[in-house]
Amino acid sequence: MKEDPVNFWNEMYRTDVFRYGTEPNIFFKEQLDTLASGNVLLPAEGEGRNAVYAAVKGWKVTAFDISEKGRQKALRLSKEKEVSIDYQLSGVLEFETHEKFDVIGLSYAHFPAEIRKEANQRLLQFLKPGGIVIFEAFAKAQLGKASGGPKNEAMLFSIKEIKEEFSPLEFTLLREETIELSEGSHHKGEAEIIRFIAIKK
Ligand SMILES: C[S@@+](CC[C@H](N)C(=O)[O-])C[C@H]1O[C@@H](n2cnc3c(N)ncnc32)[C@H](O)[C@@H]1O
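Scope of this entry: the structure provided in the associated data block. Quick caveat, the model's predicted, so the values are computed rather than measured.

### Remarks on the overall build of the chain
Next up, step 1: When its secondary structure is counted, the chain shows six helices and seven strands.
Next up, step 2: When the helices and strands of the chain are listed from N to C terminus, the series reads α-α-β-α-β-α-β-β-α-β-α-β-β.
Next up, step 3: For the chain, the C-alpha radius of gyration of 16 Å lies close to 17 Å, the compact-globule estimate for 201 residues.
Next up, step 4: Buried residues in the chain amount to 49% of all 201 residues.

Here it is, written out as structure tokens:
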């Protein structure tokens, strides 16, 4: 029987340890730091490392995830850093807002394969014209590596899939690369990833 993703992720976030650390993803941080602060949406935000970083830098932050445990840890982290974030408990296909965002940050948002294209297309409706997507996730070549990520190839990305799923964004950077991950206990070691920056025209 297929495992329920809500139970799976609540179990992953069960302990007090932050699975991917409390520091932001390096690419997300580097890219966000080049932009004037505005509002940012962080789908599948997990334990809140990127949300809290953005809030500390003066961004108005909206985040969501299916995991209540992730949300609790994110809110705890935001309290420790004395910032406020709007973090909703929601699946990507159910998330609703009237707000449009300057930035959407997708950090290892590996949605189930059967909803992924619909999910990514749906998220783009929340981006302002001129808004930017900052993306990092595991590439298909990550399969079999011990540094993290889904064990299911269909949940990993190829450049071709990204171009299809995030059409009609204009990509200003899109590359697959091998990096050394050092994000908490569960993103650690040599990893095959894809990063992109893209703008909504
Ligand atoms: C690898 S974690 C990444 C967490 C966070 N973005 C980060 O980089 O630290 C993937 C996250 O996707 C969330 N997730 C999985 N399926 C989802 C869905 N259908 N809707 C919303 N979130 C989902 C999980 O709960 C988990 O927190």
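### Observations regarding the packing of aromatic side chains
Next up, step 1: Taken as a whole and judged by the stated rule, the model has 10 aromatic pairs.
Next up, step 2: Taken together, a centroid distance of 5.2 Å and an interplanar angle of 90 degrees make the contact between Phe 8 and Trp 9 edge-to-face.
Next up, step 3: Ring plane angle 15 degrees and centroid distance 4.3 Å describe the contact between Phe 64 and Phe 95, whose orientation is recorded as stacked. On the criterion of sequence distance, the pair formed by Phe 64 in strand E2 (residues 60-65) and Phe 95 in the loop between strand E3 (86-89) and strand E4 (101-107) is long-range, its members being 31 residues apart. Residues Phe 64 and Phe 95 agree in their burial class; the two are buried.
Next up, step 4: These aromatic residues form a ring-pair network of at least three members: Phe 135, Phe 157, Phe 166, Phe 171 and Phe 196.
Next up, step 5: The lysine or arginine in question, Lys 73, covers the ring of Phe 18, its NZ or CZ lying 5.2 Å from the ring centre.
Next up, step 6: The cationic tip of Arg 116 hangs over the ring face of Phe 157; the distance from NZ or CZ to the ring centre is 3.9 Å.

### Digging into the pattern of salt bridges
Next up, step 1: As enumerated under the stated definition, the model contains 19 salt bridges in all.
Next up, step 2: The partner of Arg 195 in a salt bridge is Glu 136, and the shortest N-O contact between them spans 2.7 Å. One end of the pair, Arg 195, is in strand E7 (residues 187-199); the other, Glu 136, is in strand E5 (residues 127-138), with 59 residues separating them in the sequence.
Next up, step 3: For the salt bridge of Glu 161 with Lys 140, the shortest nitrogen-to-oxygen distance reads 3.1 Å. Here Glu 161 is found in helix H6 (residues 159-165), whereas its partner Lys 140 is found in the loop between E5 and H6, with 21 residues between them in sequence.
Next up, step 4: Overall, the relative accessible area of 22% leaves Lys 140 in the partly exposed class.

### Notes on unusual backbone geometry
Next up, step 1: With omega at 10 degrees, the peptide bond leading from Ser 167 into Pro 168 counts as cis.
Next up, step 2: In this model, Ala 44 sits at a positive phi of 55 degrees, which is unusual for a non-glycine residue.
Next up, step 3: For Ala 44, the location among the structural elements is in the loop between strand E1 (39-42) and helix H3 (49-56).
Next up, step 4: You will see that Glu 82, though not glycine, has its phi angle at about 60 degrees, which is positive.
Next up, step 5: By the secondary structure assignment, Glu 82 is in the loop between helix H4 (68-80) and E3.
Next up, step 6: Here Glu 82 falls in the exposed class, since its relative accessible area comes to 75%.

Rules and cut-offs
Residues numbered from 1 in each chain as written. Predicted model: local features only at pLDDT ≥ 70, side-chain atom pairs only at ≥ 80, totals over all residues. Heavy atoms only, no water. Helix = DSSP H or I, 4+ residues; strand = E, 2+ residues; numbered from the N terminus. Rg over C-alpha atoms; globule rule 2.2 N^0.38 Å. Buried < 20%, exposed > 50% of the residue type's maximum accessible area, 1.4 Å probe, protein only. Phe/Tyr/Trp six-rings, centres within 6.5 Å; stacked < 30°, edge-to-face > 60°. Lys NZ or Arg CZ within 6 Å of the ring centre and 35° of its normal. Salt bridge = Lys/Arg side-chain N within 4 Å of Asp/Glu carboxyl O.

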